[in-house]
Amino acid sequence: MDTFSKSDPICVLYTQGMGNKEWREFGRTEVIDNTLNPDFVRKFMLDYFFEERQNLRFDLYDVDSKSANLQKHDFLGQAYCTLGEVVGSLGSRLEKPLGGIQGKKCGTIIVKAEELNNCRESVMMQFCGTKLDKKDFFGKSDPFLVFYRSNEDGTFTICHKTEVVKNTLNPVWQAFKIPVRALCNGDYDRTIKVEVYDWDRDGSHDFIGEFSTSYRELSIGQSQFNVYEVVNAKKKGKKKNYKNSGTVTLLSFLVDVEVTFLDYIKGGTQINFTVAIDFTASNGNPAQPTSLHYMSPYQLNAYAMALKAVGEIIQDYDSDKMFPALGFGAKLPPDGRVSHEFALNGNPQNPYCAGIEGVMEAYYQSLKSVQLYGPTNFSPVINHVARYAASVKDGSQYFVLLIITDGVISDMAQTKESIVNASCLPMSIIIVGVGPAEFDAMVELDGDEVRISSRGRFAERDIVQVISPFFFHLKCHDGFKSNCV
């Protein structure tokens, strides 16, 4: 954009509010002079929420002056994406064309995401003491350790206390686990202070001494470098031949890294998203405005809203954007047989639809051809997805089943058994209740408080999330929000 040189680009990141959809500036990169291929150094730290659609906008400008007003600079182009798109891309690296200037190619933008992972570590440590000072008149000492992390301002914050080992000068404390964030705030070289006390019943614990270390020193593990002299400064000042008040030795040091959802996504795990929609008669005649399946020319019905809300989030993590879409509880043409596992697109051999819009179109077409009937059986569609999940156990794929329903489950016992069987598979189930019906019985499937069981067997993990009623969420919010679910 400059006459006698190249551009001096800056990138401005905008995030979108969940309510009014207003774009707000999040931050700006540095300006890189005289280049058409800037590699910006400044990073943006955003909180990532898998369950929300986090829209991002990147605007690029050629900076012509020191003014902070972007209108004073030349617009180079812009790109839109979601944070989920970046995270879900191969290697968490997304490349998009820049647009925004009519009839002009504006180049491309490459966005990379990296999880801040040093604070996901926890460490298991064990210490012992040797020849600690005797503090009790009628016995030895009852020693315990107190760990402090240092703060930026030079102060210390307590972060752990060991148990008390009674009546010994050579204690062996139990191993304990502590997050690295709590121990040193993720800074491996930050000072960690350890104080040694003799426990007293009245709370006036006697100070034996202290020593300092760091996470980096401790990470060496059991060695001569992790034998610490316990020093009491007052005693050292009074006694000429004072050496120490004993020693504390690190016996073991084991780092445990918490594996997160992002680790699997970065490792190439693909999310396979399947939709199952309730076509039972309790939804009402689709031709009537009172029906939950009513196709209004002016607004989405409750089923379409729920599908759009969850689907738009999940689709960012599905590379081919081809989604199996099923229905249950309807009579199918031409013979009127009742099915609890039919393809919305009418092709049981290939029930895949292109994108969420394809699923919506197949759903609308099904409403025109099938007859709403019943009962409300969940187990067939759960078993359908479970069969696919059972065939892929190497971590390369994960299956998510979205069930949208209006009423009480008819096959509760079979559904419980299906969920228990699927709890060991790479699979999750989201059940969204729509309409004003009672969904209390369905909450039993959501094992947040009591793990679901069937025939004496408990689910290996909680794989069900129940959101009900979706009708209530829609009434609570001013306008539709993708985080209603």
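Basis of the calculations
- Residues numbered from 1 in each chain as written.
- Predicted model: local features only at pLDDT ≥ 70, side-chain atom pairs only at ≥ 80, totals over all residues.
- Heavy atoms only, no water.
- UniProt positions renumbered as here; feature names shortened; annotations may be inferred.
- Pairing = 2+ DSSP bridges.
- Helix = DSSP H or I, 4+ residues; strand = E, 2+ residues; numbered from the N terminus.
- Axes fitted to C-alpha atoms, helices over the stretch in contact; angles between N-to-C directions.
- Parallel < 35°, antiparallel > 145°, perpendicular 65-115°, else oblique.
- Left-handed = near helix turned anticlockwise from the far one by under 90°.
- Contact = heavy atoms within 4.5 Å.
- Nonpolar A, V, L, I, M, F, W, Y, C, P; charged D, E, K, R; others polar.
- Domains from an automatic or database assignment.
- 1 Å grid on protein atoms, 1.4 Å probe; cavity = no way out; pocket = protein on both sides within 12 Å on 5 of 7 lines; lining within 4 Å.
- Points joined across faces, edges and corners; volume = space filled by probe spheres on them.
- Core = buried A, V, L, I, M, F, W, Y, C linked by side-chain atoms within 4.5 Å.
- Buried < 20%, exposed > 50% of the residue type's maximum accessible area, 1.4 Å probe, protein only.

Going by an unreviewed UniProt entry, the chain carries the name C2 domain-containing protein and comes from Poecilia mexicana. Comment text from UniProt for the chain, heading Sequence similarities (unreviewed entry), reads "Belongs to the copine family."

What follows covers the sheet that holds strand E21 (residues 371-372). Taking strand neighbours across the sheet as the criterion, the 3 strands line up as E18-E17-E21 in an open arrangement whose pairing is antiparallel. Because the sheet does not close on itself, it has two edges, and the strands there are strand E18 (337-339) and E21. Summarising the sheet, strand E17 (residues 330-332) and E18 pair through 3 bridges and their orientation is antiparallel. In the strand pairing of E18, Leu332 is matched with Arg337.

Further remarks concern the packing of helix H8 (residues 379-390) against helix H9 (residues 412-422). Between H8 and H9, the least distance of the axes is 9 Å, while the angle of their chain directions is 15 degrees. In terms of axis orientation, H8 runs roughly parallel to H9. Note that H8 runs across H9; the crossing there is left-handed. Together, Ser379, Ile382, Asn383 and Ala386 of H8 and Gln414, Thr415, Ser418, Ile419 and Ala422 of H9 make up the contact between the two elements. Considering only residue class, the contact of H8 with H9 consists of 4 nonpolar, 5 polar and no charged.

Let us now look at the domain arrangement of the chain. Domain parsing of the chain yields domain 1 (9-112), domain 2 (121-257) and domain 3 (269-478). The C-alpha-based centres of domain 2 and domain 3 are spaced at 55 Å.

Turning our eyes to something else, we now look at the sheet that holds strand E11 (residues 191-198). The antiparallel open sheet is built from 4 strands, whose spatial order is E9-E8-E11-E12. The strands lining the two open edges of the sheet, one partner per strand, are strand E9 (156-161) and strand E12 (206-214). Strand-to-strand twist in this sheet, taken as the mean axis angle between neighbours without regard to direction, amounts to 30 degrees. Bridge analysis of E11 against E12 gives 8 bridges, and the strand direction is antiparallel. Paired with Tyr197 across the bridge in E12 is Phe207.

Its volume calculated, the largest pocket comes out at about 1,600 Å³. If you trace the largest pocket, you find 47 residues lining it, with Arg42, Phe58, Ile110, Val111 and Lys112 closest to the centre. When contributions to the lining of the largest pocket are tallied by element, the ones reaching two or more residues are strand E1 (9-16), strand E3 (55-62), helix H1 (83-88), strand E6 (108-112) and helix H5 (261-266). Grouping the amino acids of the lining of the largest pocket by side-chain chemistry returns 29 nonpolar, 8 polar and 10 charged. Estimates place the volume of the second largest pocket at around 460 Å³. Every residue lining the second largest pocket is counted, 21 residues in all, and those nearest its centre are Phe50, Ser428, Ile429, Ile430 and Gln465. Within the residue set of the lining of the second largest pocket, elements represented by two or more residues are helix H6 (302-314), strand E22 (397-405), strand E23 (427-433) and strand E26 (464-467). Here the residues of the lining of the second largest pocket sort into 14 nonpolar, 2 polar and 5 charged.

Of all hydrophobic cores here, the largest spans 55 residues; its most connected members are Phe273 and Phe279. Here this core spans two domains, and each of domain 1 (9-112) and domain 3 (269-478) adds at least three residues to it.

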